[in-house]
Amino acid sequence: MFPRVYQTLTANATVVAMVGNRIGRHGVIQQTETRPYITWQIVLGQPYDNLSSTPCGDFTTVQIDCYCGGVTADADIERLAEAVRAALDAAGVYNRVTVNNRDPDTRLYRLGIDADFIAQRA
């Protein structure tokens, strides 16, 4: 239940070009951080249970949120989300858009993607 989210996202050159290492775990990033940025958090973790032995793998759903602000934010948020989706697709991670809004407090555009990571235990 410990998916390789950061490694998956930073394997995509477009994601790295847009956010660098501004990818915050636990859904948190410094409020003073340069935009755009990405946050992620685990929303569901389920082991592959069986009766004869310990679980052989895990199914983990992760919420990945892309944030952009500024004059070109409306177009930039889609470009960032498309790069995130491409990184997930390249890693074979099933994903879907679940949030597309503008935060009323920060005025940042937010596009959220749920991603299902399936990992075998060693």
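As a starting point, this report considers the structure included with it. Given the structure is predicted, the values throughout are model-derived calculations rather than measurements. (Residues numbered from 1 in each chain as written. Predicted model: local features only at pLDDT ≥ 70, side-chain atom pairs only at ≥ 80, totals over all residues. Heavy atoms only, no water.)

A short note on the pattern of salt bridges
Heads up, the condition is: Every case where a carboxyl oxygen of Asp or Glu lies within 4 Å of a side-chain nitrogen of Lys or Arg is listed as a salt bridge. A run of DSSP states H or I qualifies as a helix once it reaches four residues; a run of E qualifies as a strand once it reaches two. Both are numbered from the N-terminal end. Each residue gets one of three labels from its accessible area relative to the maximum for its type: buried under 20%, exposed over 50%, partly exposed in between, using a 1.4 Å probe on protein chains only.
One pass over the structure, following the stated rule, counts 4 salt bridges. The salt bridge partner of Asp 58 is Arg 121, with a shortest N-O separation of 2.8 Å. In this pair, Asp 58 sits in strand S3 (residues 57-68) while Arg 121 sits in the segment after strand S5 (109-120), placing the two residues 63 residues apart along the sequence. In this structure Asp 58 comes out as buried when scored by relative accessible area, which is 6%. Between Asp 76 and Arg 79 there is a salt bridge, with the nearest N and O atoms lying 2.9 Å from each other. With Asp 76 and Arg 79 both in helix H3 (residues 73-90) and 3 residues apart, the pair spans about one turn of that helix.

A look at the environment of Asp 49
Along the chain, Asp 49 falls in the loop between strand S2 (37-47) and S3. For Asp 49, a relative accessible area of 57% gives the class exposed. Residues Asp 49 and Thr 32, 17 residues apart in the sequence, show an inter-C-alpha distance of 42 Å.

With respect to the environment of Ala 13
Inspection of the secondary structure assignment puts Ala 13 in helix H2 (residues 13-19). Taking the C-alpha atoms as reference points, Ala 13 and Ile 23, separated by 10 residues in sequence, lie 14 Å from one another.

Overview of the sheet that holds S2
Spelled out, the test is: Here, a strand pair is defined by DSSP locating no fewer than two bridges between the strands. Working convention: axes come from line fits to C-alpha atoms, limited for helices to the stretch in contact. Angles between N-to-C directions cover 0 to 180 degrees.
Across the sheet, 5 strands lie side by side as S1-S2-S3-S5-S4; this open sheet has mixed pairing. Both outer strands of the open sheet, strand S1 (23-25) and strand S4 (94-102), are each paired with one neighbouring strand and no more. Direction aside, the axes of adjacent strands within the sheet are offset by 25° on average. Pairing between S2 and S3: 10 bridges, direction antiparallel. Bridging across to S3, Tyr 37 finds its partner in Tyr 67.

Some details on the packing of aromatic side chains
The following threshold applies: Note on aromatic pairs: the rings of Phe, Tyr and Trp (six-membered ring only in Trp) are paired at centre separations within 6.5 Å, and the planes decide the class, stacked below 30 degrees, edge-to-face beyond 60, tilted for the rest.
All chains considered together, the criterion is met by 1 aromatic pair. With 5.3 Å between their ring centres and 35° between their planes, Tyr 37 and Tyr 67 make a pair best called tilted. One end of the pair, Tyr 37, is in strand S2; the other, Tyr 67, is in strand S3, with 30 residues separating them in the sequence.

Quick notes on the nonpolar core
In plain terms, the rule: The set of buried Ala, Val, Leu, Ile, Met, Phe, Trp, Tyr and Cys residues whose side-chain atoms join them within 4.5 Å is what this entry labels a nonpolar core. The contact criterion used throughout is that any non-hydrogen atoms of two residues lie within 4.5 Å.
Leu 9, Ile 38, Ile 64, Leu 80, Val 84 and Leu 88 are the most contacted members of the largest nonpolar core, which has 25 residues in total. When residues of this core are traced back to their parent elements, those giving at least two are helix H1 (5-10), H2, S2, S3, H3 and S5. The dominant element in this core, judged by the number of residues it contributes, is H3, at 8 residues. Beyond its immediate sequence surroundings of up to four residues, Leu 80 is in contact with Met 18, Val 19, Pro 36, Tyr 37, Ile 38, Cys 66, Tyr 67 and Cys 68.

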